[in-house]
Amino acid sequence: MTQAPDLTRTTTSALLLEATRGVVAGGGSSNMRNLGIQTPLVVDRSAGCRIVDVEENELIDVNMGYGPHLFGYADPDVLGAVAKRLMLGAMTGIPHRLDHEAGELIAATVPTIEQVRFANSGTEAITSALRLARFVTGRALVVTFEGHYHGWSETVLRKAAITNDGAASRAAVPGAPGMIPGALAHTVQLPWNDLEALDELFATRGGEIAAVIVEPICGNAGLVPPLPGFLQRVADLTARSGGLLVFDEVITGYRVALGGAQELLGVRPDLTIVSKVLGGGFPVAAFGGSREIMAPLARNEAFHAGVYAGNHAAVSAIVAMLSKLIADPSVYDTLDAASGYLDRRLAETFAAAGRPVRIARTGSVMSVALLTREPGEALTYDAGIPFIDFAAHRRLQLLCQESGVYFHPNPLEPWFISTAHSPDVLDTVVGTIADSLARL
């Protein structure tokens, strides 16, 4: 029997990742996470906007754990609160004084939430919110939009409508092998920003619709905002039909504004899901709405559960994070200014290199994708996506990673800017990209 190597000491990312794959399928516990590593990268620690791998290589990160770290990695305010709570007991399965405090903070900041339930992830919270919507309405049909990701649960996981070769499919196709046949039988998928398709569906099947779920700003297919008036039309048609409008603000909640995208865009959903920034990097989510809509859960008629849902450590992170945001709401102006600066510098850099690029941004969420040609100005879901040069973008990512800047190799994955991304750090990011483009 061959003796396993001692990997507790300094080693290479390649060696450690290979060993990890022997005991962790694929090397990580998320397909997207595994796809995000083109060349071996195993992290030892992180702080601010930087990660350090096991070989002591330091990288500036603009992926930032897929978005939760608004104040950067290892924010001492959040970590201090959680550390204190860990020493006082992290989970009892009994209501805690923190539950009231966190619920009050969410209700005070999200315009449409009066009551919440806590969950461990966005997927869990979305699954429960849709089940609640079906219970409240007595209907089964859920409407989704192309390019919007609502977690990996059975009834909403669909294949991406736009593939790497630019081919489009309007049908809701199961998103993973092994899904139950017919799992999407009660799900309809519409093109994003398509008013004609929206009106046609409600004209023909409006009485069947339990819920319309939407990322108010599409963030999982490149950043694609709603066209003016589109979300309000969704809200009006849903209300008129007797269905519920559900905002998946897993990405946008507490990221684009204190009250999320609904505050920014002025459209009011019936149910809202928040996660990511909500816990500043700790595994927690919440879903909520009016007391009337949440009443079936209050009466234990509708069902939602989870041993670790609302555990005290995660809820303490919510209290610390939201208290910090409420104390200084100007952080959103600061982040917008920094992200706008990066946006302008990147546009200049790609133009100077003669490389067509699609850069989209809302606040501190950005999308950057190399293109084969200019896509035009339309903000439909597939604007630019059929023209993305996926292969060149992956090569650019690899060159940047080798030079000390990390972003996801999938150009449809957003960048997230934090308060730790100072102007000099952003200049370094731009300089690294410029050098990498020259070598591309």
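Residues numbered from 1 in each chain as written. Predicted model: local features only at pLDDT ≥ 70, side-chain atom pairs only at ≥ 80, totals over all residues. Heavy atoms only, no water.

**Student:** Before we go on, may I ask you to explain the overall build of the chain in this structure?
**Tutor:** The helix and strand inventory of the chain stands at 13 helices and 14 strands. At 22 Å, the chain has a C-alpha radius of gyration in line with the 22 Å of a compact globule built from 440 residues. Expressed along its principal axes, the backbone C-alpha trace of the chain runs to roughly 55 × 55 × 55 Å. Among the 440 residues that make up the chain, the fraction classed as buried is 52%. The contacts of the chain with a sequence gap of at least 6 include a subset with a gap of at least 24, amounting to 70%. Within the structure as shown, the chain displays about 19,200 Å² of accessible surface, and the carbon and sulfur contribution to it stands at 54%. Placing the 33 positive and 45 negative side-chain charges of the chain at their respective mean positions leaves the two points 3 Å apart. (Helix = DSSP H or I, 4+ residues; strand = E, 2+ residues; numbered from the N terminus. Rg over C-alpha atoms; globule rule 2.2 N^0.38 Å. Buried < 20%, exposed > 50% of the residue type's maximum accessible area, 1.4 Å probe, protein only. Contact = heavy atoms within 4.5 Å. Areas by Shrake-Rupley, 256 points an atom, 1.4 Å probe, with all protein chains shown as cover. Lys, Arg positive; Asp, Glu negative; His and termini not counted. Charge placed at Lys NZ, Arg CZ, Asp CG, Glu CD.)

**Student:** Would you take a moment to explain the nonpolar core for this structure?
**Tutor:** Soluble globular proteins tend to pack their nonpolar side chains together in the buried interior. Counting residues in hydrophobic clusters, the biggest one holds 38 residues, and the most contacted among them are Leu342, Leu346, Phe350, Trp415 and Ile433. Of all elements in the fold, only strand S3 (58-61), helix H11 (331-352), strand S11 (357-362), strand S12 (365-370), helix H12 (390-402), strand S13 (405-406), strand S14 (415-416) and helix H13 (423-439) reach the threshold of two or more residues within this core. Per-element accounting of this core gives the leading share, 6 residues, to H13. Contact partners of Leu342, with chain neighbours within four places excluded, come to Met366, Trp415, Ile417, Leu426, Val429 and Val430. Counting 32 residues, the second-largest nonpolar core is a separate cluster that includes Tyr254, Ile318, Val319 and Leu325. (Core = buried A, V, L, I, M, F, W, Y, C linked by side-chain atoms within 4.5 Å.)

**Student:** Whenever I open this one, the packing of helix H5 (residues 122-137) against helix H9 (residues 291-298) confuses me. Can you help?
**Tutor:** Between two packed helices, both the angle of their axes relative to each other and the distance between the axes serve to describe the pair. Viewed as axis vectors pointing N to C, H5 and H9 meet at an angle of 100 degrees, and their least axial separation amounts to 10 Å. Here H5 is positioned roughly perpendicular relative to H9, judged by the angle of their axes. Contacts between H5 and H9 involve Leu132, Phe135 and Val136 from the former and Ile293, Met294, Pro296 and Leu297 from the latter. (Axes fitted to C-alpha atoms, helices over the stretch in contact; angles between N-to-C directions. Parallel < 35°, antiparallel > 145°, perpendicular 65-115°, else oblique.)

**Student:** Teacher, can you tell me more about H9 here?
**Tutor:** Side chains that are three or four residues apart share a direction in an α-helix, a result of its 3.6 residues per turn. The complete set of buried residues in H9 reads Ile293, Met294, Ala295, Pro296 and Leu297. Those residues of H9 that are buried lie in contact with strand S4 (115-119), H5, strand S8 (244-249), strand S9 (271-274) and strand S10 (285-289). Backbone geometry just downstream of H9 places Asn300 in the positive-phi region, at approximately 60 degrees.

**Student:** I would appreciate a short explanation of the pairing of strand S2 (residues 50-53) in the present structure.
**Tutor:** Along any regular strand the residues' side chains alternate between the sheet's two faces. Where strand S1 (residues 43-47) meets S2, 4 bridges bridge the pair, whose relative direction is antiparallel. The residue of S2 that forms the bridge with Arg45 is Val52. Connecting S1 to the next strand, S2, in antiparallel fashion are 2 residues, including Gly48 with a positive phi near 60 degrees. Taken together, S2 and the strand that follows it, S3, pair antiparallel across an intervening segment of 4 residues, in which Glu56 is found at a positive phi of about 70 degrees. (Pairing = 2+ DSSP bridges.)

**Student:** Where do I start with the environment of Gly138 in this structure?
**Tutor:** Along the chain, Gly138 turns up in the loop between H5 and strand S5 (141-145). Exposure remark for Gly138: the relative accessible area of 66% places this residue in the exposed category.

**Student:** What's the story with the sheet that holds S13 in this structure? I'm lost.
**Tutor:** Sheet strands pair by backbone hydrogen bonding; their relative direction is either parallel or antiparallel. Taken together, 4 strands build an open sheet; the order of strands is S1-S2-S3-S13 and the sheet is mixed. Of all the strands in the sheet, the pair left with one neighbour each is S1 and S13.

**Student:** I would appreciate a short explanation of the confidence of the model for the chain in the present structure.
**Tutor:** As a general rule, the predicted coordinates of low-pLDDT regions are not to be interpreted in detail. Across the chain, pLDDT averages 92, with 93% of residues at or above 70. Contacts of residues 161-169 to residues separated by more than four positions or lying in other chains number 15 contacts, the stretch itself having pLDDT below 50. (pLDDT = per-residue confidence, 0-100.)

**Student:** Help me understand unusual backbone geometry in this model?
**Tutor:** Trans peptide bonds make up the majority, and among non-glycine residues the majority have a negative phi. A positive phi angle, near 70 degrees, is found at Glu56, a position not held by glycine. You can see Glu56 is positioned in the loop between S2 and S3. The phi dihedral of Ala74 is positive, around 55 degrees, even though this residue is not glycine.

**Student:** In this structure, what is going on with the sheet that holds S4? I would like to understand it.
**Tutor:** The 7 strands lie next to each other as S4-S10-S9-S8-S7-S5-S6, forming an open sheet whose pairing is mixed. Either end of the sheet is taken by a strand with one partner, and the two such strands are S4 and strand S6 (187-190). Ignoring which end each strand starts from, the neighbouring axes of this sheet average 20 degrees apart. With 4 bridges connecting them, S9 and S10 associate as antiparallel partners.

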